[in-house]
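# Architecture and fold: a report
The chain contents come next:
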Amino acid sequence: MALRITTWNVNGIRNPFGFHPWNSQKSFQHMFDTLEADIVCFQEIKIQKKDLTDDMVLVPGWDSYFTFPKHKKGYSGVAVYTRNSKCLPIKAEEGITGILESPSHPGQRYRSLSASECIGGYPDLSEEDALLLDREGRALVLDFGAFVLIGTYCPASADPARGTFRIAFVEALCNRVRKLVMECKRHVVVVGDLNIARDEVDAVGAKEMMREMGINDWKDTPTRRALDRLLEPHPDGVMVDLCREHFPDRLNMYTCWDVKKNKRPGNAGSRIDYVMCSSDMKAWFSGANIQEGLMGSDHCPVYAILRPAVDYGDVQKNILDIVNPEGMFRGGERQTSDLTPLAPRLCMKRFPEFSQRRNIKDMFSKMSYNKTLAKTTQSNAQASSTPKVDSPTEPPAKRLKTSSPASVSRNPKNSKSQSQQTLRGFFQPAVNSVGAGSLSSISCSQPFLPGRSPTPVDPKPDDHPEIVRPVITESTSPPKAESPGFIDQIESKEKWSQLFSKRRPPVCDIHGEECIQLTTKKPGPNCGRAFWMCQRPIGPEGESMVKSGLKTEWKCNFFKWASDL
């Protein structure tokens, strides 16, 4: 049975549920089954621990591991889900440097634990630098026995002020991987959003970006150099880029798009999401690919598939036998045992907030079992205490229900309600009864209005001959209001529509289509100004074709400030 690893930058852990096909059921279990994954790594979950809900953590059949930013709220964050019917890590750590506190050893850091209790391979960094790198919740490290899985979200290059931090994090990640492979002799799998396009072929408009940066070699940046040295075919490379390994000549294989500029329909993006493995285990994988057709984020999922049987220690073994605690699987079959190994302490279901929680299905199944057990115990107790007789016993006589005045008055069905029963009765004024044949039997047809006494309906002459009906003459009748002049409703509607309707958008010069309105968010004198531009998406040639002004089927260079119309 194969094992599938999927990585996806979801740009908010609930963000995919606004798109098809995830919006049909909006559950993580349905999402993972649709992805057909056994290990799922999310980046940029943008949530805090206090905001986690049961449906995020207690996914039936899955264990979950989270890391959160320590200071900046709703930012970054990584999560790893594992299908507990196929794999169970033996260790789990938060962060890339080992400087954070271990939840299983309070007061101790991961890198201070013994070799048998930690994963190892930590980079040589000062305490201050290590805390700085791991305070943003950008990495989770899980040890599955056969290999170490690192799920990471590297800093983006959008903010030049954070360039030093970005370079330091990428170098720390590469050092950790290299130490695990070279010194600890471990198989390593790295998945996640590295925010680095490896080669020119992995980014639209690479030539233009190089020209703007003033470089002649695409890899002439610190982060690209570090990634290139980590990967084959570099002489010092110890890792393999699996998607490029299986598709060495494939073009337009992008995993991220600028959705604000509508670049995804034209596939004008970049490949910055990876599944990488150490060179000595690349034969374990039967395939790897991107899933660019799945919506839900500005990134798409990337996956790799481990073969059902692999060469492990010069012996071919089933993959499930070596990605679980020893003895849990044999020959790919789960062994029946009363003692199931616990997930690592970092697993969210072992935290106090969720350790006593259950999903609704398990709750009701346990309640049903408890009720059945109680009924069985009660029936056995009665059978043992009741003497056996030849003739059947008569059932006990039912207790007669006794009614008291208090109980009758409390039951609205037994007493006639004294409140109003209809809407008209609400407006009807209360009239004191003065005996039989009084005016209390006469209903009021006019509603009670403040400052105006109610006028009762005239009774029949035969019933109350003493009542004289008032005579309404023309002089006492209210004056009739003069009818207003004729108003043309169609003309009135058109005038109001012209007054409040939006101005029609301008049309672009090349396509003759209505434009879309956007707002400038870049800091500067034009920040906040609205402008109009062509609504078509940017084509696969990138923004350079837009700026050229040539007529194509993609976005043209039409631009106009909204204030100039």
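Per chain, residues are indexed from 1 in the order of the written sequence. Whole-chain, interface and lining totals are the exception, using all residues; otherwise, since this is a predicted model, local features are given only for residues with pLDDT of at least 70 and side-chain atom pairs are given and counted only at 80 or more. As a rule here, side-chain values come from all non-hydrogen atoms in the structure, and water together with hydrogens is ignored.

### Points about the packing of aromatic side chains
Stacked, tilted and edge-to-face are the three classes assigned to paired rings of Phe, Tyr and Trp, where Trp is represented by its six-membered ring and a pair needs centres within 6.5 Å; plane angles under 30 degrees give stacked, over 60 edge-to-face, the rest tilted. For the coordinates displayed, the defined rule picks out 15 aromatic pairs. Judged by centre distance (5.8 Å) and plane angle (5 degrees), the rings of phenylalanine 66 and phenylalanine 68 are stacked. We call a residue buried when its accessible area falls under 20% of the maximum for its residue type, exposed when it is over 50%, and partly exposed in between, using a 1.4 Å probe and counting protein chains only. With relative accessibility at 2%, the residue phenylalanine 66 sits in the buried group. Residue phenylalanine 68 is classed as buried on the basis of its relative accessible area of 10%. Here the aromatic cluster, defined as three or more aromatic residues joined through ring pairs, consists of Phe17, Phe28, Phe32, Phe42, Trp62, Phe66, Phe68 and Tyr81. Whether a charge lies above a ring is judged from NZ of Lys or CZ of Arg, which has to be within 6 Å of the ring centre and within 35 degrees of the ring normal. Above the ring of tyrosine 75, the side-chain terminus of lysine 72 is found at 4.2 Å from the ring centroid. For the cation-ring pair, arginine 224 lies above tryptophan 218, with the distance from its terminal atom to the ring centre recorded as 3.6 Å.

### Section: the pattern of salt bridges
Within this document, salt bridges are pairs made up of a side-chain nitrogen of Lys or Arg and a carboxyl oxygen of Asp or Glu, the two lying within 4 Å of each other. Counted according to the given criterion, the structure contains 29 salt bridges. Between arginine 83 and aspartate 38 there is a salt bridge whose closest N-O contact spans 3.1 Å. Residue arginine 83 is found in strand E4 (residues 78-83), and its partner aspartate 38 is found in the loop between helix H1 (28-35) and strand E2 (39-43); the two are separated by 45 residues along the sequence. Overall, arginine 83 belongs to the buried group, its relative accessible area being 16%. Here the salt bridges do not stand alone but share partners, grouping Arg198, Asp199, Asp202, Lys219, Asp228, Asp241, Arg244 and Arg271 into one network. Note on conventions: DSSP H or I runs of at least 4 residues are helices, E runs of at least 2 residues are strands, and numbering of each starts at the N terminus.

### Considerations on the nonpolar core
Among buried residues, those of type Ala, Val, Leu, Ile, Met, Phe, Trp, Tyr and Cys that are joined through side-chain atoms within 4.5 Å constitute a nonpolar core. Membership of the largest hydrophobic core comes to 85 residues, with the highest contact counts inside it found for Phe42, Phe66, Tyr81 and Phe147. Residue contacts follow a heavy-atom distance rule, with two residues in contact if any of their heavy atoms lie within 4.5 Å. Setting aside chain neighbours within four positions, we find phenylalanine 147 in contact with Ile5, Leu142, Arg186, His187, Val189, Met281, Leu306 and Val323. Counting residues in hydrophobic clusters, the runner-up holds 29 residues, among them Val148, Ile150, Val177 and Ile196.

### Here we look at H1
Taken as a whole, H1 has its buried residues at Phe28, His30, Met31, Phe32 and Leu35. Where H1 is buried, its residues touch strand E1 (3-9), E2, helix H2 (54-57), strand E3 (62-67) and E4. Following H1 by one or two positions, glutamate 36 adopts a phi angle in the positive range, close to 55 degrees.

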